[in-house]
Amino acid sequence: MVLPVYVYGMSVLRKVAPEIQEDYEGLDQLIADMFETMRASDGIGLAAPQVGKSLRIFVADTSPVSEDKGEPELKDFKKVFINPIILDEWGDPWSFEEGCLSLPNVREDVSRPTNIRVEYYDENWNLIEEEYDGIRARVIQHEYDHLDGKLFVDRINPIRRKLLSARLNAISRGKIDKDYKIVFPKK
Ligand code: NI
């Protein structure tokens, strides 16, 4: 089932999400719904707070951008990250234009370290530790931020953020033109 996406201004996006328990009921369905929602809205990553669930889980599927980004390994990067921990980040910070389903029509350059080491549980509760770089690392860093109540606009320079403030306010008032279902704060 495609779930509505919660956008900028909703408090769930600003919470530090709690860990998900192994006996969480409906986990398989939540994962399936998150993948379906991500595909329906042309996203390559989606975190549970973005569908109104304050839980430490996100999904990623970079196959749609594997060709235009020229990173062949993006084709097979389709994963669920449960209770992830970024253990380490290193490498020269690089600038990359990020977007977010919770910030419709906003794209900004964000600088983050190149490499990460991440630990997480997969959908079968196997504990996995992996290293990533490039766009896969970037997707994980972006989605991981959502679990801590952070959005990419928190990481851009203050001048750019000021220039965006009218657009962000418009999003939080529901003045958005998007073809996926959204939830915005009611005033
Ligand atoms: Ni996002």
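Higher on the page you've got the structure.
Residues numbered from 1 in each chain as written. Predicted model: local features only at pLDDT ≥ 70, side-chain atom pairs only at ≥ 80, totals over all residues. Heavy atoms only, no water.

Caption draft 1: Local environment of the overall build of the protein. For the protein, the count of helices and strands is 4 helices and 9 strands. The order of α-helices and β-strands along the protein, N terminus first, is β-α-β-β-α-β-β-β-β-β-α-α-β. Seen along its three principal axes, the alpha-carbon backbone of the protein occupies a region of about 45 × 40 × 30 Å. Relative to its 187 residues, the protein shows a buried fraction of 48%. Counting contacts in the protein only where the partners sit at least 6 residues apart, residues at least 24 apart contribute 67% of the total. On the protein, roughly 9,600 Å² of surface is accessible, and the fraction owed to carbon and sulfur atoms is 46%. In the protein, the 26 positive side-chain charges and the 34 negative ones have mean positions that sit 10 Å from each other. (Helix = DSSP H or I, 4+ residues; strand = E, 2+ residues; numbered from the N terminus. Buried < 20%, exposed > 50% of the residue type's maximum accessible area, 1.4 Å probe, protein only. Contact = heavy atoms within 4.5 Å. Areas by Shrake-Rupley, 256 points an atom, 1.4 Å probe, with all protein chains shown as cover. Lys, Arg positive; Asp, Glu negative; His and termini not counted. Charge placed at Lys NZ, Arg CZ, Asp CG, Glu CD.)

Caption draft 2: Expanded view of the environment of His146. Among the structural elements, His146 can be located in helix 3 (residues 134-147). Along the primary structure His146 and Lys15 are separated by 131 residues, whereas in three dimensions their C-alpha atoms are 8.5 Å apart. Beyond its immediate chain neighbours, meaning those up to four positions away, His146 contacts Lys15, Ala47, Pro49, Gln50, Cys100 and Leu151. Among the polar contacts made by the side chain of His146, one reaches the side chain of His142 at a distance of 3.4 Å. (Polar contact = N/O pair within 3.5 Å; in protein donor to acceptor, adjacent residues only side chain to side chain.)

Caption draft 3: Inspection of the pattern of salt bridges at higher detail. Scanning the entire structure with this criterion turns up 12 salt bridges. Ionic pairing is found between Arg107 and Glu97, a salt bridge with its closest N-O pair at 3.0 Å. Note that Arg107 is positioned in the loop between strand 5 (94-98) and strand 6 (108-112) and Glu97 in strand 5, a separation of 10 residues in sequence. Note that Arg160 and Glu108 form a salt bridge whose closest N and O atoms lie 2.7 Å from each other. Note that Arg160 is positioned in helix 4 (residues 158-172) and Glu108 in strand 6, a separation of 52 residues in sequence. Put simply, Glu98, Arg112, Arg138, Asp145 and Arg155 are held in one network by salt bridges that share partners. (Salt bridge = Lys/Arg side-chain N within 4 Å of Asp/Glu carboxyl O.)

Caption draft 4: Layout of the sheet that holds strand 7 (residues 115-121). Reading across from one edge, 2-3-4-7-8 is the order of the 5 strands in this open sheet, with antiparallel pairing throughout. The outermost strands of the open sheet, each flanked by one partner alone, are strand 2 (45-47) and strand 8 (127-132). Strand-to-strand twist across the sheet, computed as the mean angle between neighbouring axes with direction ignored, equals 40 degrees. Pairing of strand 2 with strand 3 (residues 57-61), which is carried by 3 bridges, proceeds in the antiparallel orientation. Across the sheet, the residue bridging to Leu46 is Val59, located in strand 3. Each of strand 2, strand 3 and strand 4 (78-90) is contacted by helix 1 (residues 27-40), which is oriented at about 45 degrees to strand 3, the strand it contacts most. In this fold helix 3 packs onto strand 2, strand 3, strand 4, strand 7 and strand 8, with an angle of close to 95 degrees to the strand it touches most, strand 4. (Pairing = 2+ DSSP bridges. Axes fitted to C-alpha atoms, helices over the stretch in contact; angles between N-to-C directions.)

Caption draft 5: Fine view of the coordination of the nickel ion. Protein coordination at the nickel ion comes from Cys100 (SG), His142 (NE2) and His146 (NE2), with a distance range of 2.1 to 2.2 Å. Mapping the donors of the nickel ion onto the primary sequence yields the spacing C-x41-H-x3-H. One end of the pair is His142 and the other is His146, both in helix 3 and 4 residues apart, which spans about a single turn. Neither residue differs from the other here; His142 and His146 are each classed as buried. (Donors = N, O, S within 2.8 Å, 3.2 Å for Na, K, Ca; no water.)

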